[in-house]
Amino acid sequence: MQDKFFLKKRLKSSIILFVVLLVTYGAIIMTEFSLIKGLASIPKAFEWGVTNFFPTTKSLERLPNILNKLFETILVSIGATTVAAIFALAFAIMGSATTRVNSFLSGMARGFATLFRNIDIAVWSMILLFTFGQSALTGFFALFFVSFGFLTRAFIEVIDEASGSSVEALQATGAPYLTTIFQSVIPASLPMMLSWVLFVAETNIRSATLIGILTGTGIGFAFDLYYKSMNYNAASLVVIVIVLTILLIEYISNYVRRVIL
Amino acid sequence: MGLERLNRTQPNSSVLIEQYLSKPIKVKKLTKATLVIRATLLSLLLITIYGFYFYDYKGINIIEAGLATLANFKIMFTEAHFNHFTFTEGVYVATVTLSLAVLTTLFGAIIALFLGLLAAQNLSTPAVANAVKSVVAVVRAVPTVLWVLIFAIAAGLGSVAAVVGMTFHSVSYLVKAYSESFEELDEGVIEALRASGASWWQIVFQAVIPSTMSYLISWTFLRFEINFGVAIAMGAAAAAGGIGFELFMASAFYYDIRELGTITYFVLFIAIMLEVIATKIKSKLRTTH
């Protein structure tokens with residue numbers, strides 16, 4: 001019996017390993033990826049980085065311009081997150097099993113969230129580029145749609161987890177719907193929701209760089225411009241500024257999370 | 001003298017009680033947590049409002065552009081067509097994007113497993129753990145697309161730079177997730193094994209990895225989902241091929257909104273499939289553990 005147990009286990013893990021190797025082999029062929037070239041590129045990139053990728057005094061002159069672009073990117077990311085959170089709260093209350101009005105609206109809210117979340121941010125920004133062009137609004141709406149989808153899903157789970165019994169208790173006393181929402185659901189789930197909002201704000205600042213490269217706005221555009229004109233010293237300054245910002249925002253949101261949770 | 005003072009306090013106390021009753025009773029205490037929550041909400045709101053004044057709108061009328069976007073959505077989703085690629089080619093490019101995600105997730109997971117062990121406070125020394133964690137935090141702070149573009153200078157634009165750059169970011173993400181899972185492990189298990197004379201590798205492979213397996217798998221699959229999205233973006237932003245490249249061409253090159261609709265359907269289909277699989281995996285892991 002024991003023997004067979006271990007034999008079965010070993011067989012199962014060998015099959016999983018075999019399938020993983022097969023999939024990897026297939027993926028390498030599909031993407032025409034060469035492991036040797038990939039490994040060789042790492043030291044090459046570092047060597048190049050040490051010799052070319054650092055800010056010089058000349059590139060420091062561009063710092064005010066870069067900081068201005070960075071500031072806009074941060075504003076867009078946080079603005080999109082906040083507005084998305086407000087919409088997501090309404091949709092999550094509609095969608096959650098504990099607070100929903102009826103199953104039709106709940107299904108619709110969940111469906112909307114799935115649709116918005118699963119279309120990738122790159123796809124959103126390329127779609128919005130048609131009408132909003134190279135303005136901050138392209139990035140704003142791309143971030144807004146994805147954040148909205150993600151936050152609705154997260155908020156639904158928070159509401160289900162945090163307020164099941166208290167909603168029941170309030171409903172038993174005959175409290176009206178809105179009182180239940182504002183006196184029980186929101187206060188109980190606010191810390192967890194805020195933690196998710198901070199997480200999305202962090203993610204959005206990262207994604208904003210990518211959107212900037214795709215749509216020609218904000219800090220991503222600054223990087224792309226310097227990168228394509230081979231002004232790597234200035235491009236490195238952009239990277240440093242981004243890294244410092246993200247580390248700072250991570251630090252702040254970790255602090256807030258530690259205090260509120 | 002003493003008696004007088006005692007008498008004087010008596011009429012005062014009823015006034016105090018009245019004052020107390022006239023004020024509304026405070027149910028919520030103003031703790032540090034509520035203070036921080038309020039400050040955070042307020043600053044988020046202020047930044048948002050200020051942002052709307054600051055944005056560079058470039059003379060765009062929001063209502064007009066919003067309506068145009070809605071019209072575009074209608075065309076995209078109802079009149080999607082194939083123009084620059086066929087259905088089979090569409091499946092092929094989608095598979096390339098999925099393959100990019102598979103490779104980077106797999107490489108990332110293998111490297112992150114070992115680094116995660118080094119970064120866990122209970123399995124490694126504090127100095128090593130902190131060093132690994134801070135390096136990884138800096139690596140994570142550089143957006144993926146920048147890693148890919150930086151490697152593109154050494155390896156040229158294409159799949160090699162994309163895989164290496166995306167792997168860098170996957171590693172840093174997974175090291176954090178893995179090491180946190182390892183740290184949640186019951187300290188008693190490790191201590192018991194150590195006391196019975198088990199070596200470090202034995203502890204890791206017989207206790208740590210098996211008991212955190214369900215976390216590791218769900219984190220890895222979550223990263224796989226993220227990597228699929230990143231792979232689309234890399235196709236568009238760093239010419240890594242796959243469906244992202246078609247996306248970029250359809251949007252910024254051909255201005256073909258109908259083909260963009262086709263690509264969106266492809267992306268949506270795969271992403272929802274991945275989500276369904278992830279939910280299945282999670283519920284299965286939950287029942288077996």
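Residues numbered from 1 in each chain as written. Chains lettered and ligands numbered in written order. Predicted model: local features only at pLDDT ≥ 70, side-chain atom pairs only at ≥ 80, totals over all residues. Heavy atoms only, no water.

Within an unreviewed UniProt entry, the label attached to chain A reads ABC transporter permease subunit, and the organism entered is Anaerobacillus alkaliphilus. According to the UniProt record, the Sequence similarities (unreviewed entry) comment for chain A is "Belongs to the binding-protein-dependent transport system permease family." In its Subcellular location (unreviewed entry) section, the UniProt record describing chain A reads: "Cell membrane". (UniProt positions renumbered as here; feature names shortened; annotations may be inferred.)

Enquirer: Where do I start with the overall build of chain B in this structure?
Expert: Of the regular secondary structure elements, chain B holds 11 helices and zero strands. Reading the helices (α) and strands (β) of chain B from amino to carboxyl end gives α-α-α-α-α-α-α-α-α-α-α. Taken against the 2.2 N^0.38 rule, which gives 19 Å for 289 residues, the C-alpha radius of gyration of chain B at 29 Å runs more than 25% over that of a compact globule. A principal-axis box enclosing the C-alpha atoms of chain B has dimensions of 105 × 70 × 40 Å. Across the 289 residues that make up chain B, the buried fraction comes to 46%. For chain B, the exposed surface amounts to about 15,600 Å²; the carbon and sulfur share of it is 68%. (Helix = DSSP H or I, 4+ residues; strand = E, 2+ residues; numbered from the N terminus. Rg over C-alpha atoms; globule rule 2.2 N^0.38 Å. Buried < 20%, exposed > 50% of the residue type's maximum accessible area, 1.4 Å probe, protein only. Areas by Shrake-Rupley, 256 points an atom, 1.4 Å probe, with all protein chains shown as cover.)

Enquirer: It is not clear to me how the interface of chain A and chain B should be interpreted in this structure. Could you clarify?
Expert: How big an interface is tends to be reported as the loss of accessible area on association of its parts. Contacts between the two partners involve 75 residues from chain A, matched on the other side by 79 residues from chain B. When the two sides are added together, the surface that chain A and chain B hide from each other amounts to roughly 6,700 Å², 81% of it contributed by carbon and sulfur. When the area that chain A buries against chain B is broken down by residue, the three leading residues are M30, L75 and F130 of chain A, summing to 10%. The interface formed by chain A and chain B holds three salt bridges in total. R140 of chain B is the salt-bridge partner of E250 of chain A, the closest N and O atoms lying 3.8 Å from each other. Run the count over chain A and chain B and you get 12 residue pairs in polar contact (both at pLDDT 80 or more). Residue contributions to the side of chain A that touches chain B peak at 11 residues, all from helix α11 (residues 232-260) of chain A. For the side of chain A that touches chain B, the residue count by class is 52 nonpolar, 14 polar and nine charged. (Contact = heavy atoms within 4.5 Å. Buried area = accessible area lost by both parts, 1.4 Å probe. Salt bridge = Lys/Arg side-chain N within 4 Å of Asp/Glu carboxyl O. Polar contact = N/O pair within 3.5 Å; in protein donor to acceptor, adjacent residues only side chain to side chain. Nonpolar A, V, L, I, M, F, W, Y, C, P; charged D, E, K, R; others polar.)

Enquirer: Would you mind going over the domain arrangement of chain A with me for this structure?
Expert: What the domain assignment reports for chain A is domain 1 (2-52) and domain 2 (57-260). A straight line from the C-alpha centre of domain 1 of chain A to that of domain 2 of chain A covers 33 Å. (Domains from an automatic or database assignment.)

Enquirer: How should I be thinking about the nonpolar core in this particular structure?
Expert: Where a protein is soluble and globular, its nonpolar side chains tend to be buried together. W124 and F223 of chain A together with M234 of chain B are the most contacted members of the largest nonpolar core, which totals 139 residues. Counting residues per element, this core draws most heavily on helix α7 (residues 136-162) of chain A, at 15 residues. Sequence-distant contacts of W124 of chain A, that is, excluding residues within four places in its chain, are made with F116, I119, A142, F145 and V146 of chain A together with F73 of chain B. Within the second largest apolar cluster, 22 residues are counted, among which are A119, Y173, Y178 and V204 of chain B. (Core = buried A, V, L, I, M, F, W, Y, C linked by side-chain atoms within 4.5 Å.)

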